[in-house]
Amino acid sequence: MGTQQTNLWPTGKYDGVFGMWYGKGPGVDRAGDVLKHANSAGTSPHGGVLLLAGDDHAAKSSSVAHQSDHALIAAGIPVLYPSSVQEYIDFGLHGWAMSRYSGLWVAMKCVTDVVESTASIELDSGRVKIVLPEDFTMPEAE
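Conventions and cut-offs
- Residues numbered from 1 in each chain as written.
- Predicted model: local features only at pLDDT ≥ 70, side-chain atom pairs only at ≥ 80, totals over all residues.
- Heavy atoms only, no water.
- Helix = DSSP H or I, 4+ residues; strand = E, 2+ residues; numbered from the N terminus.
- Rg over C-alpha atoms; globule rule 2.2 N^0.38 Å.
- Buried < 20%, exposed > 50% of the residue type's maximum accessible area, 1.4 Å probe, protein only.
- Areas by Shrake-Rupley, 256 points an atom, 1.4 Å probe, with all protein chains shown as cover.
- Lys, Arg positive; Asp, Glu negative; His and termini not counted.
- Charge placed at Lys NZ, Arg CZ, Asp CG, Glu CD.
- Core = buried A, V, L, I, M, F, W, Y, C linked by side-chain atoms within 4.5 Å.
- Salt bridge = Lys/Arg side-chain N within 4 Å of Asp/Glu carboxyl O.
- Expected span 1.5 Å × (residues − 1).
- Contact = heavy atoms within 4.5 Å.
- Arc of directions from axis to C-beta.

1. Brief notes about the overall build of the protein chain
Of regular secondary structure, the protein chain possesses 5 helices and 4 strands. For the protein chain, the N- to C-terminal ordering of α and β elements is β-α-α-β-α-β-α-β-α. Taking 2.2 N^0.38 as the reference for a compact globule, 142 residues should give roughly 14 Å; the C-alpha atoms of the protein chain span a radius of gyration of 16 Å, in line with that estimate. Principal-axis analysis of the C-alpha atoms gives the protein chain an extent of 45 × 40 × 30 Å. Within the protein chain, the proportion of its 142 residues that are buried is 35%. Summed over all atoms, the accessible surface of the protein chain reaches about 8900 Å², with 57% contributed by carbon and sulfur. Averaging the locations of the 9 positively and 16 negatively charged side chains of the protein chain gives two centres separated by 7 Å.

What follows is the structure, given as structure tokens:
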């Protein structure tokens with residue numbers, strides 16, 4: 001949460017810092033209060049936070065089976081659900097852009113079947129085109 005508040009101190013060296021948080025399902029549950037407060041505090045327009053939620057529906061590598069969608073929705077955090085290794089790269093870039101634009105944390109589900117796999121992916125700086133809405137004016141900050 002603090003990485004998104006670098007603009008509050010006049011001695012800051014950077015305009016913003018990207019943050020990434022990871023927790024397996026039970027950790028998402030335990031961090032519920034923190035996630036709600038951090039999401040409510042918002043993100044920096046020059047930063048952003050991507051929350052990775054490790055969901056293990058079959059309890060293959062976890063102590064209990066878990067799905068974190070409901071906890072994330074309760075915290076007001078939008079959820080992206082990549083279905084391939086390539087989409088983890090693509091959705092991750094979009095997730096950070098969404099976080100910067102909206103001021104919200106953005107979650108990305110990391111389900112066992114996809115994250116415990118291998119794939120060839122395309123890494124091209126021009127592959128993902130981030131397009132910000134031009135027909136919407138964000139409310140003024142208070």
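2. Thoughts on the nonpolar core
V28, A31, L35, A38, V49, L51, A53, L72, A75, I77, W105 and A107 form the largest nonpolar core, which has 12 residues in total. Of all hydrophobic cores here, the second largest spans 9 residues; its members include L50, Y88, M108 and V114.

3. Focus on the pattern of salt bridges
Per the stated rule, a full pass over the model turns up 5 salt bridges. Between E116 and K60 there is a salt bridge, with the nearest N and O atoms lying 3.1 Å from each other. Residue E116 is located in the segment after helix 5 (112-115), and its partner K60 is located in the loop between strand 2 (49-55) and helix 3 (69-74); the two are separated by 56 residues in the primary sequence. Exposure remark for E116: the relative accessible area of 43% places this residue in the partly exposed category. Given a relative accessible area of 60%, K60 falls into the exposed group. Between D69 and K109 there is a salt bridge whose closest N-O contact spans 2.5 Å. Taken together, the positions of D69 in helix 3 and K109 in strand 4 (residues 106-111) put the pair 40 residues apart, joining distant regions of the chain. What makes D69 buried here is its relative accessible area of 16%. On the basis of relative accessible area, K109 is assigned to the buried category, the value being 1%.

4. Remarks on unusual backbone geometry
Here A59, not a glycine, exhibits a phi torsion of approximately 55°, which is positive. Of note, A59 is situated in the loop between strand 2 and helix 3. With relative accessibility at 27%, the residue A59 sits in the partly exposed group.

5. A closer look at helix 4 (residues 85-102)
With 18 residues, helix 4 should cover 26 Å at 1.5 Å per step; its first-to-last C-alpha distance of 25 Å lies within 8% of that length. Elements in contact with the buried residues of helix 4: strand 2, strand 3 (79-80), strand 4 and helix 5.

6. Side note on helix 2 (residues 32-41)
Because an α-helix completes one turn every 3.6 residues, residues spaced three or four positions apart along the sequence face the same direction. Taken together, the buried positions of helix 2 are L35, A38 and N39. Mapping the buried residues of helix 2 onto a view down its axis gives an arc of 100°, with all of them on the same face. Turned more than 90 degrees away from the buried face of helix 2 sit D33, H37 and S40, all of them exposed. Packed against the buried residues of helix 2 are strand 1 (19-24), helix 1 (25-30) and strand 2.

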